[in-house]
Amino acid sequence: MTADVVVTKPAPNFAFMAQHLFTAILWVDENLTITWLNAQAEQLLATSSGRLLGQSILALLTPKTSTSTFKDHPKDHLKTHSDTHNSKKTKDAACSLTERFRQAKVYQQPFIDHDHLVSTQFNNHTALLIDYSVTPVIDEQHGFIIEMWGKDRQSRISEEQRQQQQYNVARQMLRSVAHEIKNPLAGIRGAAQLLQRQFIKFSEGGFFAEAALTQQSAASPHPDKQKNAAKLRSYTDIIIAETDRLTQLIGQFLGSHQLPNWQMLNIHEPLEHVLSLIVNQYPQVTLQRDYDLSLPELCADKDQLIQVFLNLINNACESMTEFEQTLQQHKISESQETPQATMQMDSNSTYQPILHLQTRVVFQHTIGSQQHKQVLQVTITDNGSGIDADLIGQIFFPMVTSRAAGTGLGLSIVQDIISRHHGMIDVSSAQSSIHHTRQTQFALYLPFSQPDLTIKTS
């Protein structure tokens, strides 16, 4: 009689598995001290594990009270009655949360909290809205597993997907209309060219010959007929020129049909190429580079990225130049009314256009429905007049622009190229207290590799 041999399989490394989850995981011991967290938790909380390890979980999860603290009033060194009351409320909230942990351990009952605001010294008091769950665990080590989900991130992903769907629908409709317009334009141009040729033949061989005979017999010139002939010729020239302009505009609507020329490149090459073209056009703009030179190469079309950066950087410089001209006109008008106040304002403050470029690696970033372990981030920031809040959600749609001289096609082309690279682009414009400017930032996120192109690029 032979006994069945039981083969024991090695247990999986749960810590290794947790590092590859999309959910933020923290391990808290019986004393409510954070003893371990995964990379997604660091990404969500915008802090490093070194700052969180050994800290109490209550510092993160205790509900905050809306108070005026010493930080808000640095000159007030005395603790007011309001501060004492709020401090007591914070202690009560911490005790209540501690009791919830104790009951979860005693009854082995997990609990969940929604819409919790995290704002602590560990993440530089950056407001973060999360949902979290606490699960008690009885094993070799007693403790709690805490899972966190960022609500801001989920809202951002949903909003980006909604905007991308709207953009695709609008783009498809415009392309359909552009195709319908392009064919008649070709017919109009061809008819205008034929009309011009026939008119030239008629003018040279018939009309002017007859006019010459009439002039010889009557011995009187006909300048009016020559003027009319020149006018008719100019009319056909206008028709041809305008149809060519509309055809070029339709071509921009339709976009390029050429497939991307994928190649491995350093992102700083197209950036510096564009800067070399633009920096001489705007000498008044101060350029600030913040590059991560350790970035790996990415798979992209270099010419298309040059077009993207050319549009974004040129728009930023033009926005700051127009804003500077507006400030100068405003100062001139004010100097005529109150010269003394204007001289004091000029001596205290001077507007300086600043273009800031930054390259970074972002970990665990979602683009559309695809989660990437790491993506390339390129941010282009200017301090010009900014983008209105009502317009910022539509800025990538064709024919939408915030500039008087803009065509509304540049950012639409940028969006189309970034979509072909399976990336995304985000824009924000926040008010600044200096010169009433706005910090406008375009953030590009590009995957380092393109799907189904690994073999081709290698």
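S.K.: Teacher, can you tell me more about the overall build of the chain here?
M.R.: Of regular secondary structure, the chain possesses 13 helices and 12 strands. Evaluated residue by residue, the chain yields a buried proportion of 35% over its 458 residues. Pairs at least 24 residues apart make up 66% of the contacts formed inside the chain by residues separated by at least 6 positions. Element-wise, carbon and sulfur atoms account for 55% of the exposed surface of the chain, whose accessible area totals about 27,800 Å².

S.K.: Please explain the sheet that holds strand 3 (residues 111-118) as it appears in this structure.
M.R.: Sheet strands pair by backbone hydrogen bonding; their relative direction is either parallel or antiparallel. With antiparallel pairing, five strands are arranged side by side in an open sheet as 2-1-5-4-3. Strands with a single pairing partner mark the edges of an open sheet, and in this sheet they are strand 2 (34-37) and strand 3. Pairs of neighbouring strands in the sheet enclose a mean axial angle of 25 degrees, with direction left out of account. Alignment of strand 1 (residues 24-29) against strand 5 (residues 143-150), held across six bridges, turns out to be antiparallel. Bridging from a neighbouring strand, Ala24 pairs with Met148 of strand 5.

S.K.: Would you take a moment to explain the nonpolar core for this structure?
M.R.: It is characteristic of soluble globular proteins that their nonpolar side chains tend to be buried jointly. Grouped together as the largest cluster of nonpolar side chains are 44 residues, with contacts concentrated most on Phe309, Leu312, Ile313 and Leu355. Put simply, the parts of the chain that give this core at least two residues each are helix 8 (268-278), strand 8 (298-300), helix 9 (302-337), strand 9 (354-367), strand 10 (370-382), helix 12 (410-420), strand 11 (424-431) and strand 12 (438-447). Of all the elements, helix 9 adds the most residues to this core, at 11 residues. Counting 27 residues, the second largest nonpolar core, distinct from the first, contains Leu26, Leu37, Ile57 and Leu61.

S.K.: Looking at this structure, I do not really get the pattern of salt bridges. What am I missing?
M.R.: When charged atoms on two side chains of opposite charge get close, those side chains can pair. Going through the model one piece at a time under the given rule, you end up with eight salt bridges. The partner of Lys302 in a salt bridge is Glu269, with the nearest N and O atoms 3.7 Å apart. Taken as a pair, Lys302 in helix 9 and Glu269 in helix 8 lie far apart in primary sequence, 33 residues in all. The partly exposed category is assigned to Glu269, whose relative accessible area is 41%. A salt bridge links Arg289 to Glu272; the nearest nitrogen and oxygen atoms lie 2.8 Å apart. Taken together, the residues span a long stretch of sequence, with Arg289 in strand 7 (residues 286-290) and Glu272 in helix 8 at a distance of 17 residues.

S.K.: Any chance you could explain the packing of aromatic side chains here in plain terms?
M.R.: The geometry of an aromatic ring pair is captured by two quantities: the separation of the ring centres and the angle between the planes. The tally for this structure, following the rule as stated, stands at three aromatic pairs. Ring centres of Phe101 and Phe111 lie 5.7 Å apart, and the angle between their planes is 90 degrees; this geometry places the pair in the edge-to-face category. Pair noted here: Phe101 is in helix 5 (residues 81-107) and Phe111 is in strand 3, with a separation of 10 residues, a long-range link. Residues Phe323 and Tyr351 carry aromatic rings whose centres are separated by 5.2 Å and whose planes lie at 80 degrees to one another, so their mutual orientation is edge-to-face. With Phe323 in helix 9 and Tyr351 in the loop between helix 10 (339-348) and strand 9, this pair connects stretches of sequence that are 28 residues apart.

S.K.: Could you clarify how one ought to interpret the pairing of strand 12 in this entry?
M.R.: As a general feature of sheets, a regular strand has side chains that alternate between the two faces. Judged by how many residues are buried, strand 12 sits mostly within the fold: eight of 10 residues are covered. Two elements, strand 10 and strand 12, share eight bridges in a ladder whose sense is antiparallel. Residue pairing in the sheet places Thr379 in a bridge with Ala443 of strand 12. Here eight bridges tie strand 11 to strand 12, and the two strands are oriented antiparallel to one another. What sits directly across from Val427, in strand 12, is Phe442.

S.K.: Teacher, can you tell me more about the sheet that holds strand 9 here?
M.R.: Overall, mixed pairing links the five strands, which are arranged 7-9-10-12-11 in an open sheet. Strands at the two margins of the open sheet, each flanked by one partner only, are strand 7 and strand 11. When strand polarity is set aside, the average angle formed by the axes of neighbouring strands in this sheet is 25 degrees.

S.K.: Just to check I follow, could you spell out unusual backbone geometry for this structure?
M.R.: Backbone geometry follows two general trends: most residues other than glycine have a negative phi, and most peptide bonds adopt the trans configuration. Although it is not a glycine, Leu32 adopts a positive phi angle of roughly 65 degrees. On the accessibility criterion, Leu32 (8% relative accessible area) is buried. Of note in this structure, His422 is not a glycine but carries a positive phi near 60 degrees. For His422, the location among the structural elements is in the loop between helix 12 and strand 11.

S.K.: Before we go on, may I ask you to explain the environment of Ser133 in this structure?
M.R.: Within the secondary structure, Ser133 is located in strand 4 (residues 128-137). Sequence separation between Ser133 and Asp113 is 20 residues, and the spatial gap between their C-alpha atoms is 6.4 Å.

S.K.: Sorry if this is basic, but what is going on with the environment of Glu272 here?
M.R.: Residue classification places Glu272 among the partly exposed positions, given a relative accessible area of 29%. Setting aside anything within four residues of it in sequence, one finds Glu272 in contact with Arg289 and Tyr291.

S.K.: Would you take a moment to explain helix 12 for this structure?
M.R.: Because an α-helix completes one turn every 3.6 residues, residues spaced three or four positions apart along the sequence face the same direction. Burial runs high along helix 12: eight of the 11 residues are buried. Within two residues after helix 12, His422 carries a phi angle of roughly 60 degrees, on the positive side.

S.K.: Honestly, helix 8 in this entry has me stumped. Any pointers?
M.R.: Of the positions making up helix 8, those classed as buried are His268, Pro270, Leu271, Val274, Leu275 and Ile278. For helix 8, the buried positions fall inside an angular range of 165 degrees around the axis, keeping them on one side.

S.K.: Please clarify how the side chain of Ser133 should be interpreted in this entry.
M.R.: The buried category is assigned to Ser133, whose relative accessible area is 6%. When neighbours within four sequence positions are excluded, Ser133 is seen to be in contact with Phe111, Ile112, Ile145, Ile146, Glu147 and Trp149.

S.K.: Before we go on, may I ask you to explain a nonpolar patch on the surface in this structure?
M.R.: Side chains of Phe14, Phe16 and Met17 sit close together on the surface and give an oily, nonpolar patch of about 360 Å² of accessible area. On the secondary structure map, Phe14 appears in helix 1 (residues 14-19).

S.K.: It is not clear to me how the environment of Asn124 should be interpreted in this structure. Could you clarify?
M.R.: Looking at the secondary structure, you find Asn124 in the loop between strand 3 and strand 4. Asn124 sits in the exposed class, given a relative accessible area of 57%.

S.K.: I tried to follow the confidence of the model for the chain on my own but got confused; where do I start?
M.R.: In regions of low pLDDT, the predicted coordinates are not meant to be interpreted in detail. Averaged over every residue, the pLDDT of the chain is 78; residues scoring 70 or more account for 72%. Between residues 66-82, whose pLDDT stays under 50, and residues either more than four places distant or in other chains, the model counts 10 contacts. In this model residues 454-458 is a low-confidence stretch, pLDDT under 50, and it forms two contacts with partners more than four residues away in sequence or in other chains.

So, how was this worked out
- Residues numbered from 1 in each chain as written.
- Predicted model: local features only at pLDDT ≥ 70, side-chain atom pairs only at ≥ 80, totals over all residues.
- Heavy atoms only, no water.
- Helix = DSSP H or I, 4+ residues; strand = E, 2+ residues; numbered from the N terminus.
- Buried < 20%, exposed > 50% of the residue type's maximum accessible area, 1.4 Å probe, protein only.
- Contact = heavy atoms within 4.5 Å.
- Areas by Shrake-Rupley, 256 points an atom, 1.4 Å probe, with all protein chains shown as cover.
- Pairing = 2+ DSSP bridges.
- Axes fitted to C-alpha atoms, helices over the stretch in contact; angles between N-to-C directions.
- Core = buried A, V, L, I, M, F, W, Y, C linked by side-chain atoms within 4.5 Å.
- Salt bridge = Lys/Arg side-chain N within 4 Å of Asp/Glu carboxyl O.
- Phe/Tyr/Trp six-rings, centres within 6.5 Å; stacked < 30°, edge-to-face > 60°.
- Arc of directions from axis to C-beta.
- Patch = residues over 30% accessible without salt bridge, like charges linked within 9 Å, V, L, I, M, F, W, Y side chains within 5 Å.
- pLDDT = per-residue confidence, 0-100.

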